[in-house]
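# Topology and contacts: notes
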Amino acid sequence: MAQYLYYPGCSMDGTGRAYHDSIEAVLPTLDIRLAELDDWNCCGATEYMGISPLRSQALVGRNLALAEKQKNGSNTLVAPCSACYVNLARTDSYVRESKELAATINEALAADGMSYTPGSIEVRHLLEIMIDDIGLDELGKHVTRPLKGLKLAPYMGCLVSRPDYDDRWQHREHPHALDQLLLTLGADVVEFSRRTDCCGGHMTQISPDTGLELIRRLIVAAERSGAHALVTVCPMCQMNVDFYQREMNHHYRENHHMPILFFTQLMGLAYGMSAKSLGIGREIISSREALANIGIEVPLTEEEEAELAAAAKPARRKRGDVSLPSPEPRQDEEALR
Amino acid sequence: MPKAQVPPPPAPIGGRRPPTFQEEVIASIPADSRLETCIQCGTCGGSCPSERDMDHTPRQIFALIRAGARDRVMNSNTPWMCVSCYLCAVRCPQQIHIPDVMYALKAKATKEDRVPSHVAPDFSRTFVDYIHKYGRSFEVGLVAKHYLRHYPLRLPNMATSGMGMVTKGRMGFMPHRIKGVEGLNAILDRASELEDAKQRSLYDAPAKEGAH
């Protein structure tokens, strides 16, 4: 059994619920145990550094100190969100590099009786755990429903293979780790040129024109590559491509429909789990059509059921409509013969 | 035409001089940024996905920092347009931590309240305020507050997707407050003091030879 310390990050309870659901669902199959860090705090995302660089390091320092205190059996801290991952990895790398910074951070941590020994914790992304620790062979062993016929664009996003503080990635701009994982699941992986391009991060909040342009580039590239869906490893990328896709369509007066799923959701599908248990259906841009290609049915959400029920009801006569009610043509032609 | 800005004269031998703008920026970056090693090749700007929305390319910003053109750097929107994708950082032949330089410039501009637009610093502040209050981010409050203040006209079009987020169970309406929130604030306050002390020490210590 593989055991790790786990830093879920703030999105997991909210916008990244589907990621949370699917991670929970696939862990037992792979015999992985994630021990959530007690009382962890926000990593600062891309915002805290813009207010104060040193405070942002101390903010992350608290999480590392908690991890050091809590480590039992494992000194690996796993983050499923790319932004959390890079923030934790940055501080960890900087305090190893600079004794002066380590001393400063520890002086700040001492204000709450905490401390962190540089190098005592190893920070890794969930994707790295799957590929390097569990391994493709093991990941492939559990496949009961190969995703053959489902064309997927592997969108790794920017922050897993970059900046790569510990030189773990051979290709920082065109890594193929996610491709390999999806191929292991039996999916058809398309060549996706923008695999490590930026989703815009917080640009949808602070400069929508910039953010929407970056989202559009990704979606157009995925469409051109013939993909049915994008696959991501980060809740922030998912949120940008999914939630802001309608806004993007509105902005450019276009009509794209490119669903984006988490890699753990596809793992679960290949392992024969139900779409619902993996949080599929929580996306704004529905993956129903995409998954229909391989005969997977996505259950209707309450919202969609209500919509269908409304459409099924006969339309009420409008006020002031004086036309005579016309007879409905019979549907059962067989019976007439 | 703005008057060309002349870099400060080199340090008098054995004497003291005020820090150059470049030294100030470098000192406000927690790790070794290697900013002073920039060779002005322009790989950063050529790699940047949001470069076309920037007033200056990253290379120009580094040249301006070196030239001591404080006002032009502080009023530039470049750091605010950085998406932190690290493409420039991994391509930089001098391995400069470029996003860290951008963060430091943002923090400096926020502190001095010299920002080209208030949208981005407001977003950061709202975000950070939630961290101080709860220890974690609060997505619903953050986005709602921010859009109401800065993009009210975009809200009607976003409503459908927003409702979708609610019905699909992707919105947490209650922020989660961590137990150690007071301790966290104590840590952050101490970090602030240490940061200020470091900036002040720039003016106290004798200038290093050839440091600028």
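Analysis parameters
- Residues numbered from 1 in each chain as written.
- Chains lettered and ligands numbered in written order.
- Predicted model: local features only at pLDDT ≥ 70, side-chain atom pairs only at ≥ 80, totals over all residues.
- Helix = DSSP H or I, 4+ residues; strand = E, 2+ residues; numbered from the N terminus.
- Buried ≥ 20, exposed ≤ 12 C-beta atoms within 10 Å, placed from the backbone.
- Axes fitted to C-alpha atoms, helices over the stretch in contact; angles between N-to-C directions.
- Parallel < 35°, antiparallel > 145°, perpendicular 65-115°, else oblique.
- Left-handed = near helix turned anticlockwise from the far one by under 90°.
- Contact = placed C-beta atoms within 7 Å.
- Nonpolar A, V, L, I, M, F, W, Y, C, P; charged D, E, K, R; others polar.
- Pairing = 2+ DSSP bridges.
- Right-handed = clockwise from strand over helix to strand, strands pointing away.
- Domains from an automatic or database assignment.

Below, the discussion takes up unusual backbone geometry. Between Arg162(A) and Pro163(A) the backbone carries a cis peptide bond, its omega angle lying at -5 degrees. Notably, Arg253(A) is not glycine yet its phi reads approximately 50 degrees, a positive angle. Following the sequence through the fold, Arg253(A) ends up in the loop between helix H11 (245-252) and strand S8 (260-262). A residue is classified by how many C-beta atoms lie within 10 Å of it, and Arg253(A), with 6 of them, is exposed. For Gln95(B), which is not glycine, the phi dihedral falls at a positive 50 degrees. Looking at the element boundaries, Gln95(B) is found in the loop between helix H6 (87-91) and helix H7 (98-112). Residue class for Gln95(B) comes out partly exposed when judged on the 14 C-beta atoms lying within 10 Å of it.

Here we come to the packing of helix H1 (residues 17-30) of chain A against helix H12 (residues 263-270) of chain A. All names here are of chain A. Contact geometry of H1 with H12 gives a least axis separation of 8 Å together with a crossing angle of 40 degrees. When the axes of H1 and H12 are compared, the pair comes out oblique. For the pair H1 and H12, the crossing hand works out as left-handed. Contacts between H1 and H12 involve Ala 18, Tyr 19, Ser 22, Ile 23, Ala 25 and Val 26 from the first element and Thr 264, Gln 265, Met 267 and Gly 268 from the second. In the contact of H1 with H12, the residues fall into six nonpolar, four polar and no charged.

On to the pairing of strand S2 (residues 32-36) of chain A. Residues and elements named next belong to chain A. As defined by bridge partners, strand S1 (residues 2-6) adjoins S2 across five bridges and the pair is classed as parallel. Bridging from a neighbouring strand, Leu 5 pairs with Ala 35 of S2. Handedness of the crossover joining S1 and S2 through H1 is recorded here as right-handed.

This paragraph deals with the domain arrangement of chain A. By convention, interface size is frequently given as the accessible area that disappears when the constituent parts associate. Residues and elements named next belong to chain A. Along its sequence, chain A is organised into domain 1 (2-127) and domain 2 (144-301). Here the C-alpha centre of domain 2 lies 25 Å away from the C-alpha centre of domain 1. On the domain 2 side, the residues contacting the 24 residues of domain 1 number 29 residues. Counting residues per element, the side of domain 1 that touches domain 2 draws most heavily on H1, at nine residues. The residue makeup of the side of domain 1 that touches domain 2, split by class, is 11 nonpolar, nine polar and four charged.

Another aspect to go through is the sheet that holds S8(A). Residues and elements named next belong to chain A. If you walk across this open sheet you meet the four strands as S6-S5-S7-S8, and the pairing is parallel. Both outer strands of the open sheet, strand S6 (188-189) and S8, are each paired with one neighbouring strand and no more. Where strand S7 (residues 229-232) lies against S8, three bridges are found, and the strand directions are parallel. Considered in S8, the bridge of Val 231 is made with Leu 261.

Across the contact, 60 residues belong to chain A and 63 residues belong to chain B. Only helix H2 (53-70), helix H3 (82-97), helix H4 (99-109), helix H8 (203-206), helix H9 (208-224), H11 and helix H14 (302-312) of chain A provide two or more residues apiece to the side of chain A that touches chain B. A per-element tally of the side of chain A that touches chain B places H2(A) first, with seven residues. Among the residues making up the side of chain A that touches chain B, the classes are represented as 25 nonpolar, 17 polar and 18 charged.

Along the chain, the position of Cys198(A) falls in the loop between S6 and H8. Between the alpha carbons of Cys198(A) and Leu59(A) there is a distance of 25 Å; along the sequence they are 139 residues apart. If we skip the residues at most four places from it in the chain, Cys198(A) touches Cys158(A), Leu214(A), Pro49(B), Val83(B) and Cys85(B).

All right, on to the environment of Arg145(A) then. Residues and elements named next belong to chain A. Take Arg 145: it is sitting in the loop between helix H6 (136-141) and strand S5 (151-154). The exposure class of Arg 145 is partly exposed, given the 15 C-beta atoms found within 10 Å. Sequence-wise, Arg 145 and Gly 272 are 127 residues apart; in three dimensions their C-alpha atoms are separated by 5.6 Å. Residues contacting Arg 145, with those up to four places away along its chain left out, are Leu 269, Ala 270 and Gly 272.

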